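Each chain, letter by letter, is given below.
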Amino acid sequence: MGYAERLTRGAGIYPAGAATGSGIAPHTVMSRAGRPKACRPATVCCTFYGLASPETGVAINRDKILQEAQKLVDKKRYDKAIAEYQKVVADDPHDVRTLLKIGDIYLRMQQFAEAIASYDRVANHYSVQGFSVKAVAVYKQMREIIQKHAPHLEDRFGHVVPKLADLLTQLDLRSDALAYYDEMATRLQTVGRERDAIDIFRKIVSLDGNNPVSHLRLADALARVRDFDGASVEFGDRKSVV
């Protein structure tokens, strides 16, 4: 009996297919009274002791799957390679390295929507975990793919530029953030979303308040929606910073 098996049996946990000698079904635990009780495969005990993945309840051999996936990539059997990598991601949805590999393969196959969607999961993970610089790098890659290869996906992934602007603001990279905010405002005005554009122009003013042009553009946007009082205020602020 190996160490892992001794450890789990000592804790009263029996892996799937284990011969217990007492007729206990796979994935059961012993109660304090010494009676077997059901343990679903995805419960904490099974996951903790490495018996099952939290997603599927089935143990996987990660290294073996990754090796097989790489062999399939080398043979250019990309669909099958992705299927193998997806097994790893199903076991660990936050495995960014594997998600990046999946994105790279989709990109190689020119399946741009799928590639961007995979990269999006990575960027979101980095953003949530506070790795802003890494998130910016991935979002920039997504934007470049959309601009070069898939402009028809711009609306579907319309959150990319706003995320870039917000993350760059957090990093205090104001000039870069302003460029993305400017792009956002221009696009919103192009499609007639004037009030949404005003919100972006206000962000630009908050970042670049000493620039009279920022106030002037906000004033113009306010005038477009007939908010003449607001426009007048911005025109006055413009004069005060000239």
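Residues numbered from 1 in each chain as written. Predicted model: local features only at pLDDT ≥ 70, side-chain atom pairs only at ≥ 80, totals over all residues. Heavy atoms only, no water.

### Overview of the packing of helix H5 (residues 96–108) against helix H6 (residues 112–129)
Two numbers describe how H5 lies on H6: the axes approach to 7 Å, and their chain directions differ by 160°. Classified by the angle their axes make, H5 and H6 are roughly antiparallel. Between H5 and H6 the crossing geometry is left-handed. Between H5 and H6, the residues in contact are Val96, Leu99, Leu100, Ile102, Gly103, Asp104, Tyr106 and Leu107 and Phe112, Glu114, Ala115, Ser118, Tyr119, Arg121, Val122, His125 and Tyr126, respectively. In terms of residue class, the contact of H5 with H6 is made up of eleven nonpolar, three polar and three charged. (Axes fitted to C-alpha atoms, helices over the stretch in contact; angles between N-to-C directions. Helix = DSSP H or I, 4+ residues; strand = E, 2+ residues; numbered from the N terminus. Parallel < 35°, antiparallel > 145°, perpendicular 65-115°, else oblique. Left-handed = near helix turned anticlockwise from the far one by under 90°. Contact = heavy atoms within 4.5 Å. Nonpolar A, V, L, I, M, F, W, Y, C, P; charged D, E, K, R; others polar.)

### A closer look at H6
For H6, spanning 18 residues, the distance from its first C-alpha to its last is 26 Å, which sits close to the expected 26 Å at 1.5 Å a residue. Residues of H6 that are buried include every one of Phe112, Ala113, Ala115, Ile116, Ser118, Tyr119, Asp120, Val122, Ala123, His125, Tyr126 and Ser127, and no others. (Expected span 1.5 Å × (residues − 1). Buried < 20%, exposed > 50% of the residue type's maximum accessible area, 1.4 Å probe, protein only.)

### Some remarks on the pattern of salt bridges
The final tally for this structure, using the stated rule, is twelve salt bridges. In this structure, the salt-bridge partner of Asp172 is Arg174, at a minimum N-O distance of 3.3 Å. Relative accessible area serves as the criterion here: at 42%, Arg174 is assigned to the partly exposed category. Put simply, Glu154, Asp155 and Arg187 are held in one network by salt bridges that share partners. (Salt bridge = Lys/Arg side-chain N within 4 Å of Asp/Glu carboxyl O.)

### Observations concerning the layout of surface pockets
By volume, the largest pocket is sized at about 430 Å³. Taken together, 17 residues make up the lining of the largest pocket; nearest its centre are Glu154, Gly158, Val161, Pro162 and Arg187. Among the elements of the structure, helix H7 (132–149), helix H8 (160–170) and helix H9 (174–190) are those that each provide at least two residues to the lining of the largest pocket. Looking at the lining of the largest pocket, the element that brings in the most residues is H9, giving four residues. The residue makeup of the lining of the largest pocket, split by class, is nine nonpolar, two polar and six charged. (1 Å grid on protein atoms, 1.4 Å probe; cavity = no way out; pocket = protein on both sides within 12 Å on 5 of 7 lines; lining within 4 Å. Points joined across faces, edges and corners; volume = space filled by probe spheres on them.)

### Some remarks on the packing of aromatic side chains
This structure, assessed with the given rule, holds one aromatic pair. Ring centres 6.3 Å apart and planes at 80° place the aromatic pair Tyr126 and Phe131 in the edge-to-face group. Above the ring of Phe131, the side-chain terminus of Lys134 is found at 5.5 Å from the ring centroid. (Phe/Tyr/Trp six-rings, centres within 6.5 Å; stacked < 30°, edge-to-face > 60°. Lys NZ or Arg CZ within 6 Å of the ring centre and 35° of its normal.)

### As for the packing of H6 against H7
The axes of two packed helices give the description: the angle between them and the distance between them. Following both chains from N to C, one finds H6 and H7 inclined at 160°, their axes separated by 8 Å at the closest point. In terms of their interaxial angle, H6 and H7 are classed as roughly antiparallel. Two packed elements cross with a definite hand, and for H6 against H7 that hand is left-handed. Every residue of H7 that contacts H6 at Phe112, Ile116, Tyr119, Asp120, Val122, Ala123, Asn124, Tyr126 and Ser127 is listed here: Ser132, Lys134, Ala135, Val138, Tyr139, Gln141, Met142, Ile145, Ile146 and His149. In terms of residue class, the contact of H6 with H7 is made up of twelve nonpolar, five polar and two charged.

### Examining a positive patch on the surface
On the surface, a cluster of positive charge is contributed by Lys71, Lys75, Arg77 and Lys80. The exposure class assigned to Arg77 is partly exposed, which follows from its relative accessible area of 39%. (Patch = residues over 30% accessible without salt bridge, like charges linked within 9 Å, V, L, I, M, F, W, Y side chains within 5 Å. Areas by Shrake-Rupley, 256 points an atom, 1.4 Å probe, with all protein chains shown as cover. Lys, Arg positive; Asp, Glu negative; His and termini not counted. Charge placed at Lys NZ, Arg CZ, Asp CG, Glu CD.)

These values are about where atoms sit, not about what they do.
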